[in-house]
Amino acid sequence: MGNPIGIIVTRLLGAIPLLLAVTALTFVLIALAPGDVAQAILGPDATPAAYDELREQLGLNLPLHEQYWGWLTGVLHGDVGTSLYNGESVSHAITQRLPVTLSLMVGALIVSLVVGVALGMASAVRRGVFGRAIDMFALIGFAVPSFWLGAQLIVLFAVQLGWLPATGYVPLGLDSGEWAKSLVLPVAALAFGGIAALAKQSRDAFLDALAQPFVSVALANGVSIGSILFRHVLKVASLRITTILGLQALTLLGGTVVVENVFSLPGLGTLASNATSRGDVPMIQGIVLYYAFMVVAVNLLVDIVYAWLNPRVRAA
């Protein structure tokens, strides 16, 4: 597919300013936020001298640019830092929780893609009432917040029916069946909006593809509509679907923070919420850095898939 190495190198080089800007901005916003980390750690009854001593130990008394440079230097040497509260390695804390977030995100992305594209294809072929129903579903999907939907799913399927666990997470290596059950409700809550978006956009993409002259010629030659859809129309529509899927992946990445807190999942979102409430700067910075890397990875993957699907991009 042309020169994939060139695409990867170009995107990675372009990501360096992005990572620097995001982490620097996060550092400034944390510094401007109200609250005192030393007081939060020691409590309100400690002496001013104790607060000053702790700030000096943690390096919080240094100018902001020196704090950021010290953190950045550590990152370049492979040290993302340690938590201000328990001394835990930031890298270790994130690594322990990353599989939860990735399981949730990948599961929601797969469900959104499969169900959304299937609904969009069916709507484009049948049209009429079914097409209008897809449009209505898309509007509802855009409007319903994932945290509200998650709460309703818990009430229905966990509390009233007792089919699925309300909260918690079971590691895949411990019990694959319980792992899947612990992800059903959060994945459904997270994927609902993605299904709606992909259903609407893929429907429009399929309608545009079905309007192409080659479809009429194929039908006139006796080719079945199913063969046309899966062998030709889907390939044409896949360019737009790939773009929407990439945008949806970034949306899901942010949505995991909310959904993880609703379902008490020990992922990066929950870790980020706890670190933010405590003002744990190294932990927040590490999480932001990992999220930024995931954004870069998603954009890179979308570019590669798009170039693979589009000959004109490969030629360029």
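All values reported here derive from a predicted model rather than from experimental measurement.

Colleague: Honestly, the overall build of the chain in this entry has me stumped. Any pointers?
Modeller: Along its length, the chain carries 13 helices and zero strands. Ordered by position in the sequence, the α and β elements of the chain form the string α-α-α-α-α-α-α-α-α-α-α-α-α. With respect to the principal axes defined by its C-alpha atoms, the chain has extents near 85 × 55 × 35 Å. Counting over 316 residues, the chain shows a buried share of 38%.

Colleague: Looking at this structure, how should I read the pattern of salt bridges?
Modeller: Two side chains carrying opposite charge are able to pair once their charged atoms lie near each other. Counted under the stated rule, the structure contains four salt bridges. Residue K200 is joined to D204 by a salt bridge in which the shortest nitrogen-to-oxygen separation is 2.9 Å. Residue K200 and its partner D204 are located together in helix α8 (residues 176–210), separated by four residues, close to a single helical turn. We classify K200 as partly exposed; its relative accessible area is 23%. Between R203 and D204 there is a salt bridge, and its shortest N-O distance comes to 3.8 Å.

Colleague: Just to check I follow, could you spell out the environment of F147 for this structure?
Modeller: Its place among the elements puts F147 in helix α7 (residues 146–160). Along the primary structure F147 and M121 are separated by 26 residues, whereas in three dimensions their C-alpha atoms are 29 Å apart.

Colleague: It is not clear to me how helix α6 (residues 128–143) should be interpreted in this structure. Could you clarify?
Modeller: The periodicity of an α-helix, 3.6 residues per turn, causes residues three or four places apart in sequence to face the same way. The terminal C-alpha atoms of α6, which comprises 16 residues, lie 23 Å apart, in line with the 22 Å expected from a rise of 1.5 Å per residue. For α6, the full list of buried residues reads G131, I134, A138 and G141. Along the axis of α6, the buried residues cluster in a sector spanning 80 degrees; they form a single face. Of the exposed residues in α6, the ones pointing more than 90 degrees away from its buried face are V129, R132, L139 and A143. Along its buried surface, α6 packs onto α5 (90–126) and α8.

Colleague: Would you mind showing me how to read the environment of G226 here?
Modeller: Among the secondary structure elements, G226 is positioned in helix α10 (residues 225–262). Its relative accessible area of 29% is what places G226 among the partly exposed residues. Put simply, G226 and V90 are 136 residues apart on the chain and 51 Å apart in space, counted from C-alpha to C-alpha.

Colleague: Explain the confidence of the model for the chain to me, please; I cannot follow it from the model alone.
Modeller: Caution applies to low-pLDDT regions: their predicted coordinates should not be interpreted in detail. Counting all residues, the mean pLDDT for the chain is 82, and 95% of those residues have values of 70 or more. Looking over the chain, one finds the lowest element-wise mean pLDDT in helix α13 (residues 311–315), namely 56, and the highest in α7, namely 90.

Colleague: Where do I start with the nonpolar core in this structure?
Modeller: Side chains of a nonpolar character, in soluble globular proteins, are inclined to be buried together. Among the nonpolar cores identified, the biggest contains 47 residues, and W71, F263, L268, L271, M283 and I287 are the most heavily contacted of them. Broken down by secondary-structure element, the contributors of at least two residues to this core are α1 (4–32), α4 (64–76), α5, α7, α8, α10, α11 (268–278) and α12 (281–309). The greatest single-element share of this core, amounting to 10 residues, is contributed by α12. Aside from chain neighbours lying at most four places away, what touches L271 is A93, I94, R97, M283 and I287. Of all hydrophobic cores here, the second largest spans 16 residues; its members include A124, A205, I228 and I241.

Colleague: I keep staring at the packing of α10 against α12 and nothing clicks. Help me out?
Modeller: To characterise two packed helices, one gives the angle between the axes of the helices and the distance between these axes. The geometry of α10 relative to α12 is characterised by a closest axis approach of 9 Å and an angle of 170 degrees between their N-to-C directions. One finds that α10 runs roughly antiparallel with respect to α12. Contact residues: S238, L239, T242, T243, G246, A249, L250, L253, T256 and V257 in α10; Y291, M294, V295, V298, N299, V302, V305, Y306 and L309 in α12. In the contact of α10 with α12, the residues fall into 13 nonpolar, six polar and no charged.

Colleague: I would appreciate a short explanation of the side chain of S123 in the present structure.
Modeller: The topology assignment puts S123 in helix α5. Since its relative accessible area comes to 0%, S123 is described here as buried. Among residues more than four places away in sequence, those in contact with S123 are F130, G131, I134 and R203.

Colleague: When you look at the packing of aromatic side chains in this model, what are you seeing that I'm missing?
Modeller: The relative placement of two aromatic rings is captured by the distance of their centres and the angle of their planes. Counting across every chain of the model gives two aromatic pairs. Ring centres of F157 and W163 lie 6.0 Å apart, and the angle between their planes is 45 degrees; this geometry places the pair in the tilted category.

Colleague: How do you make sense of a nonpolar patch on the surface when you look at a structure like this?
Modeller: On the surface, a cluster of nonpolar side chains totalling about 510 Å² of accessible area is made up of L102, V106, I110, V111, L113, V114 and V115. Examined against the element boundaries, V115 turns out to sit in helix α5.

What counts and how
- Residues numbered from 1 in each chain as written.
- Predicted model: local features only at pLDDT ≥ 70, side-chain atom pairs only at ≥ 80, totals over all residues.
- Heavy atoms only, no water.
- Helix = DSSP H or I, 4+ residues; strand = E, 2+ residues; numbered from the N terminus.
- Buried < 20%, exposed > 50% of the residue type's maximum accessible area, 1.4 Å probe, protein only.
- Salt bridge = Lys/Arg side-chain N within 4 Å of Asp/Glu carboxyl O.
- Expected span 1.5 Å × (residues − 1).
- Arc of directions from axis to C-beta.
- Contact = heavy atoms within 4.5 Å.
- pLDDT = per-residue confidence, 0-100.
- Core = buried A, V, L, I, M, F, W, Y, C linked by side-chain atoms within 4.5 Å.
- Axes fitted to C-alpha atoms, helices over the stretch in contact; angles between N-to-C directions.
- Parallel < 35°, antiparallel > 145°, perpendicular 65-115°, else oblique.
- Nonpolar A, V, L, I, M, F, W, Y, C, P; charged D, E, K, R; others polar.
- Phe/Tyr/Trp six-rings, centres within 6.5 Å; stacked < 30°, edge-to-face > 60°.
- Patch = residues over 30% accessible without salt bridge, like charges linked within 9 Å, V, L, I, M, F, W, Y side chains within 5 Å.
- Areas by Shrake-Rupley, 256 points an atom, 1.4 Å probe, with all protein chains shown as cover.

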